[in-house]
Amino acid sequence: MATTVRQEAPDSAADAAALLAEGGRVRIAGRGTRAGWGNVPGDPDLVLRTDAMSEVVEHNAGDLTAVLEAGVPLAEAQRAFAAAGQMLALDPPEDPAGSIGGLFATADGGPLRHRYGAPRDLIVGITVALADGTVAKAGGRVIKNVAGYDLAKLFTGAFGTLGLIVTVAVRLHPRPPEAVTVRARAGDPAALARAAGAAAHHPLEADALDVAWADGTGEVLVRLSGATAASRAHATAQLLELDAEVVEDDDALWAAQRARQRGELVVKVSALATELPRVLGAAAAQGGTVAGRAALGLSWVGLPADDGAARVERLRQALPGARCVVLDAPEDVRAALDPWDAREDPTRVLMRRVKARFDPGDVCNPGLFLVP
Amino acid sequence: MDGGLTDRLRAIAGPENVLTDDDRLATYASDGLLHYAARPRAVVLPGTAEEVRDCVRACAQAGVPFVARGAGSGLSGGALPVAEGVVIAVSRLRRVLEVDLDNQRVVVEPGVTNVEVSKAVAPDHFYPPDPSSQIVCSIGGNVAENSGGAHCFKYGFTTNYVTGLEVVLADGEVVQLGGKALDTPGYDLLGAFVGSEGTLGVVTKVTLRVVPSPAHEETLVAFFPSTGDAGDVVSDIVSAGIVPAAIEMMDALAIEASEQMANAGYPLDSGGCLLIELDGSAEECRARLDEVLNICGRHGGRDVRIAQDETERALLWRTRKAAFPAAARISPHYFVQDGVIPRTRLSEVLRRIDELAEEYGMQVANVFHAGDGNLHPLVCYAGEAEAAKAEELSGLILTACVDAGGSLTGEHGIGVDKKHHMPKMFDEPDLAAFQKLRCAFDPAGLANPGKVMPTPRLCGEVPGPYRVHPLERDGVAERF
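Predicted, not measured: the structure shown is a model, and the values here were computed from it.

Draft legend 1. A look at the overall build of chain B. The helix and strand inventory of chain B stands at 17 helices and 19 strands. Taken over the C-alpha trace, chain B has a radius of gyration of 24 Å; the compact-globule value for 480 residues is 23 Å, and the two agree within 12%. Each principal axis of the C-alpha atoms in chain B carries an extent, and together these give about 75 × 60 × 50 Å. Residue burial in chain B is summarised as follows: out of 480 residues, 61% are buried. Once local pairs closer than 6 in sequence are excluded, the contacts in chain B between residues at least 24 apart make up 70%. Surface summary for chain B: the accessible area is close to 17700 Å², and the carbon and sulfur share equals 51%. Of note, chain B has its 42 positive side-chain charges centred 4 Å away from the centre of its 67 negative side-chain charges.

Draft legend 2. Looking closely at the sheet that holds strand β4 (residues 86-89) of chain B. Residues and elements named next belong to chain B. An order of β1-β2-β4-β3 is seen for the four strands of this open sheet, with the pairing classed as mixed. Each of the sheet's edge strands pairs with one partner strand only, and the pair in question is β1 (18-19) and β3 (66-69). Packed onto the sheet, helix α3 (residues 49-62) meets β2 (42-44), β3 and β4 and runs at close to 170° relative to β4.

Draft legend 3. Spotlight on the sheet that holds strand β5 (residues 65-69) of chain A. Residues and elements named next belong to chain A. Spatial ordering of the open sheet is given by β4-β5-β9-β7-β8, a layout of five strands whose pairing is antiparallel. Each end of this open sheet is capped by a strand with a single partner; those strands are β4 (56-60) and β8 (135-139). Strand-to-strand twist across the sheet, computed as the mean angle between neighbouring axes with direction ignored, equals 10°.

Draft legend 4. Structural view of the packing of helix α7 (residues 189-200) of chain A against helix α10 (residues 276-285) of chain A. Residue and element names in this part refer to chain A. Here α7 crosses α10 at 145°, and the two axes come no closer than 8 Å. As for the relative orientation of α7 and α10, their crossing is right-handed in sense. Residue-level contacts link Pro189, Ala190, Leu192, Ala193 and Ala196 of α7 to Leu276, Pro277 and Leu280 of α10. Split by residue class, the contact of α7 with α10 holds eight nonpolar, no polar and no charged.

Draft legend 5. How the structure looks around helix α13 (residues 346-358) of chain A. Here α13 of chain A contains 13 residues, and its C-alpha end-to-end distance of 19 Å stays within 8% of the 18 Å for a straight helix at 1.5 Å per residue. In the core, the buried residues of α13 of chain A are packed alongside α6 (151-155) of chain A together with β9 (174-178), α7 (189-193) and α16 (428-441) of chain B.

Draft legend 6. Representation of the pattern of salt bridges within the structure. Per the counting criterion, the structure on display carries 62 salt bridges over all chains. As a salt-bridge pair, glutamate 8 of chain A and arginine 6 of chain A come within 3.1 Å of each other at their nearest N and O atoms. Judged by its relative accessible area of 28%, glutamate 8 of chain A is partly exposed. On the accessibility criterion, arginine 6 of chain A (36% relative accessible area) is partly exposed. Its salt-bridge partner being arginine 320 of chain B, residue glutamate 248 of chain B comes within 2.6 Å of it at the nearest N-O pair. Highlighted residues: glutamate 248 of chain B in strand β13 (residues 246-251) and arginine 320 of chain B in helix α11 (residues 310-321), separated in sequence by 72 residues. Neither residue differs from the other here; glutamate 248 of chain B and arginine 320 of chain B are each classed as buried.

Draft legend 7. Summary view of empty space enclosed by the protein. By the definition in use, this model includes eight cavities of 30 Å³ or more. The space that makes up the largest cavity amounts to roughly 90 Å³. The wall of the largest cavity is formed by Asp63, Leu64, Ile143, Arg171, Leu172, His173 and Pro174 of chain A together with Phe153, Val238, Ile242, Val243 and Arg343 of chain B. Here the residues of the lining of the largest cavity sort into eight nonpolar, one polar and three charged. Together, Asp63, Thr65, Arg141, Val142 and Ile143 of chain A together with Ile341, Pro342, Arg343, Gly371, Asp372 and Gly373 of chain B line the second largest cavity. Tallied by class, the residues present in the lining of the second largest cavity amount to four nonpolar, three polar and four charged.

Draft legend 8. A look at the packing of aromatic side chains. Under the defined criterion, the tally for this structure stands at twelve aromatic pairs over all chains. On the numbers, 5.6 Å between centres and 25° between planes, the contact of phenylalanine 159 of chain A with phenylalanine 369 of chain A is stacked. Residue phenylalanine 159 of chain A is found in the loop between α6 and β9 (164-171), and its partner phenylalanine 369 of chain A is found in the segment after α13; the two are separated by 210 residues along the sequence. On the basis of relative accessible area, phenylalanine 159 of chain A is assigned to the buried category, the value being 10%. Exposure remark for phenylalanine 369 of chain A: the relative accessible area of 3% places this residue in the buried category. With centroids separated by 6.0 Å and ring planes inclined at 80°, the aromatic side chains of tyrosine 127 of chain B and tyrosine 161 of chain B adopt a geometry described as edge-to-face. Of this pair, tyrosine 127 of chain B sits in the loop between β7 (125-126) and α5 (139-145) while tyrosine 161 of chain B sits in the loop between α6 (152-155) and β8 (162-168), and the two are 34 residues apart along the sequence. Given a relative accessible area of 3%, tyrosine 161 of chain B falls into the buried group.

Draft legend 9. A look at the state of the cysteines. Residues and elements named next belong to chain B. All told, the structure shown has one disulfide over all chains when counted by the stated rule. Across the disulfide from cysteine 439 sits cysteine 459; the S-S distance is 2.1 Å. Its torsion about the S-S bond being -90°, the disulfide of cysteine 439 and cysteine 459 is classed as left-handed. With a gap of 20 residues between them, cysteine 439 in helix α16 and cysteine 459 in the loop between α16 and α17 (470-473) connect regions that are remote in the sequence.

Draft legend 10. Structural detail: the environment of glutamine 286 of chain A. Residue and element names in this part refer to chain A. When you line up the elements, glutamine 286 lands in the loop between α10 and β16 (289-293). Using a relative accessible area of 10% as the deciding quantity, one classes glutamine 286 as buried. Between the C-alpha atom of glutamine 286 and that of alanine 310, which follows or precedes it by 24 residues, the distance is 9.5 Å.

Draft legend 11. The arrangement of the interface of chain A and chain B in detail. Facing 72 residues of chain A, the contacting portion of chain B comprises 95 residues. A combined buried area of about 6800 Å² lies between chain A and chain B, and 58% of that area is made up of carbon and sulfur atoms. The largest share of the area that chain A buries against chain B comes from Lys144, Tyr149 and Arg357 of chain A, three residues that together contribute 15% of it. In this structure, the connection of chain A to chain B is made through ten salt bridges. A salt bridge links lysine 154 of chain B to glutamate 205 of chain A, with the nearest nitrogen and oxygen atoms 3.0 Å apart. There are 33 residue pairs in polar contact (both at pLDDT 80 or more) connecting chain A and chain B. Put simply, the parts of the chain that give the side of chain A that touches chain B at least two residues each are α5 (119-122), β8, α6, α8 (229-240), β15 (266-270), β18 (323-326) and α13 of chain A.

Scoring rules and cut-offs
- Residues numbered from 1 in each chain as written.
- Chains lettered and ligands numbered in written order.
- Predicted model: local features only at pLDDT ≥ 70, side-chain atom pairs only at ≥ 80, totals over all residues.
- Heavy atoms only, no water.
- Helix = DSSP H or I, 4+ residues; strand = E, 2+ residues; numbered from the N terminus.
- Rg over C-alpha atoms; globule rule 2.2 N^0.38 Å.
- Buried < 20%, exposed > 50% of the residue type's maximum accessible area, 1.4 Å probe, protein only.
- Contact = heavy atoms within 4.5 Å.
- Areas by Shrake-Rupley, 256 points an atom, 1.4 Å probe, with all protein chains shown as cover.
- Lys, Arg positive; Asp, Glu negative; His and termini not counted.
- Charge placed at Lys NZ, Arg CZ, Asp CG, Glu CD.
- Pairing = 2+ DSSP bridges.
- Axes fitted to C-alpha atoms, helices over the stretch in contact; angles between N-to-C directions.
- Left-handed = near helix turned anticlockwise from the far one by under 90°.
- Nonpolar A, V, L, I, M, F, W, Y, C, P; charged D, E, K, R; others polar.
- Expected span 1.5 Å × (residues − 1).
- Salt bridge = Lys/Arg side-chain N within 4 Å of Asp/Glu carboxyl O.
- 1 Å grid on protein atoms, 1.4 Å probe; cavity = no way out; pocket = protein on both sides within 12 Å on 5 of 7 lines; lining within 4 Å.
- Points joined across faces, edges and corners; volume = space filled by probe spheres on them.
- Phe/Tyr/Trp six-rings, centres within 6.5 Å; stacked < 30°, edge-to-face > 60°.
- Disulfide = S-S within 2.5 Å.
- Buried area = accessible area lost by both parts, 1.4 Å probe.
- Polar contact = N/O pair within 3.5 Å; in protein donor to acceptor, adjacent residues only side chain to side chain.

Honestly, it's all geometry; don't read function into it.
Here it is in structure tokens:
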């Protein structure tokens with residue numbers, strides 16, 4: 001095992017591409033957060049960081065777009081946008097070091113996804129450094145554009161296995177004025193899911209619609225903004241048919257909810273929205289907590305780390321129709337199971353073909369992802 | 001010469017569903033872009049997903065290129081046949097397979113029209129992407145083109161609503177991309193497929209997300225001294241944090257044409273008009289409507305008309321959507337252009353279009369989705385003799401869009417029509433990266449060849465994975 005691994009933080013796309021073209025095994029680390037997600041990879045020959053590519057290249061306030069280098073910390077970009085009353089509508093759990101590149105490479109996010117979509121929905125253009133030493137771009141910097149293939153979506157969520165994201169062009173949104181949150185409690189997963197479902201099918205125009213579950217009790221959280229948020233909140237509270245309150249100062253409440261997406265052992269469950277009661281029940285049976293996007297069918301299940309691999313397997317068995325991807329986890333858990341919950345099928349064969357075209361030498365993050 | 005392919009297609013889809021005589025092939029020679037035409041060797045109309053798969057397999061075995069076709073309403077020549085290739089028309093695949101409102105999903109076959117999706121989930125839900133051709137265009141075509149529409153500024157595009165696809169790859173293999181649930185582990189091949197213009201395979205099943213219908217809508221038109229003033233209104237609305245469901249602009253010539261067809265009683269002496277729609281809770285809509293009216297007033301807005309009922313709302317929309325067909329009343333021949341610009345560059349680009357129109361001695365009517373900067377200049381010309389000149393003018397308008405930081409196309413696609421413009425926006429390494437994706441899906445290049453990419457390219461073999469030789473690792477030898 002190597003004692004000191006070579007580290008590089010190139011300051012240009014061309015330099016990054018040249019480093020990839022050298023071959024070997026390159027760990028694309030970004031700024032080093034979310035390093036514990038995916039398979040346990042072998043030792044790399046080179047760790048590629050994006051610290052030296054950290055410029056907000058453009059903020060076109062009038063057009064609600066921006067171009068950002070991969071190494072820009074999300075928090076720093078948000079401060080720049082907030083000065084113009086705008087935001088990038090992606091709100092993963094707080095982490096001062098977390099970068100834009102890492103956010104898009106892992107397709108992470110938070111409660112705002114309910115209204116504004118995922119990273120794939122907000123990226124409008126991309127520049128990437130590829131293993132063949134070239135720098136390629138796709139998309140553009142306007143919000144509507146169908147010229148060429150949508151490689152921005154392909155690289156979003158690819159965990160750096162197709163190449164290094166160098167810059168992203170994103171769509172911004174106006175920062176909503178005064179927001180309030182309706183919080184309703186239930187001790188029964190079915191009642192909680194029913195209330196969340198009622199909110200999901202009502203044209204509330206909510207900014208976020210989450211559920212939380214811990215220690216045998218749960219909450220539905222509905223965030224509303226706009227000039228009429230307060231009065232809509234009261235109507236929403238009635239719609240939920242649960243014991244509900246309206247929280248005006250709600251930032252801490254949402255920070256806590258987002259923090260539930262991180263932990264010693266966290267499994268992201270992709271399911272149908274109607275499976276929420278089963279997800280809550282399965283999580284509870286393994287001693288877990290849940291933070292869920294109720295209308296989207298996505299849940300983050302926090303599990304106790306002791307006997308973690310067995311708990312993950314039991315969760316998967318209880319949710320046969322869902323996909324359960326392990327995110328935060330101790331190395332021994334990640335080594336004991338397939339974190340990606342991958343299925344061997346023709347689609348995975350196609351994914352391998354995509355990887356083989358972009359990175360035939362398996363240079364970029366080898367061993368990390370569910371292909372090759 | 002056919003290698004029995006046509007007979008094979010007859011055996012798969014039934015002889016009555018394979019067209020080979022010239023008269024019937026003529027219907028399929030072009031899509032909505034009529035100045036390109038080509039004669040395929042056969043058109044096959046499969047009736048099931050399995051038949052589509054078998055047709056693709058037969059083409060792959062014979063090494064014959066194929067073009068998938070939905071309703072044929074595309075405006076970039078994306079469904080133009082390959083000469084002597086096969087057209088696989090999915091117009092018989094028009095079943096709504098599943099409506100799952102509990103999960104806000106609909107599963108349809110690719111030949112289902114756009115408007116039928118909204119009908120299937122009405123009245124409590126709707127499917128937001130709404131191209132002007134929505135009563136005829138197919139979901140399969142929408143997926144191929146990543147279609148937009150007037151409500152996309154707020155709601156997003158086709159790609160934001162497709163959660164799952166069943167795709168027949170060019171070698172006949174069937175893959176499932178995504179599904180009813182979100183975030184399938186692995187590469188976002190779904191995102192890469194939507195908008196790939198039929199070059200990555202044929203869609204046989206589409207799973208779409210639908211959303212709750214808004215509780216309330218307010219729709220208005222207002223008229224302004226110039227398109228510049230109207231553009232300022234759009235900027236002010238957006239910077240006030242208002243996200244209208246739609247915000248559409250027409251210039252004087254487009255108003256004149258639409259009025260002749262729709263007879264909405266629009267004044268003909270203004271420089272431009274805006275159609276603005278707000279949706280959401282009744283309370284929020286009314287609050288926003290007051291703000292919008294104030295902004296319009298500040299920029300010389302007049303003759304403001306707020307739709308009082310659904311009939312009037314439909315009339316205002318009909319007038320806007322009539323703009324393309326109505327242009328034929330001003331000029332029997334015209335090209336519809338589709339470019340995108342950053343919204344803040346609107347006045348400057350419109351001035352450039354005016355200059356070009358004057359220089360070429362031609363009329364250009366402008367219709368646009370103003371919220372997202374998607375321009376549809378209609379370049380009017382007198383007859384065939386002027387067609388080449390009009391096409392040149394149309395191309396220069398695109399150059400102006402790209403130079404302003406925009407795009408060659410917002411919703412119509414590259415197809416054959418714009419492929420030679422691709423180098424204006426993309427450099428060689430970009431095109432080479434596109435080709436990597438194309439080759440992963442279709443190494444033989446049989447799915448809709450000759451579209452999107454500016455020049456024909458071959459795929460070649462994937463190089464074997466690079467392996468470090470033990471001598472290299474030990475520092476004994478180097479690789480050159």
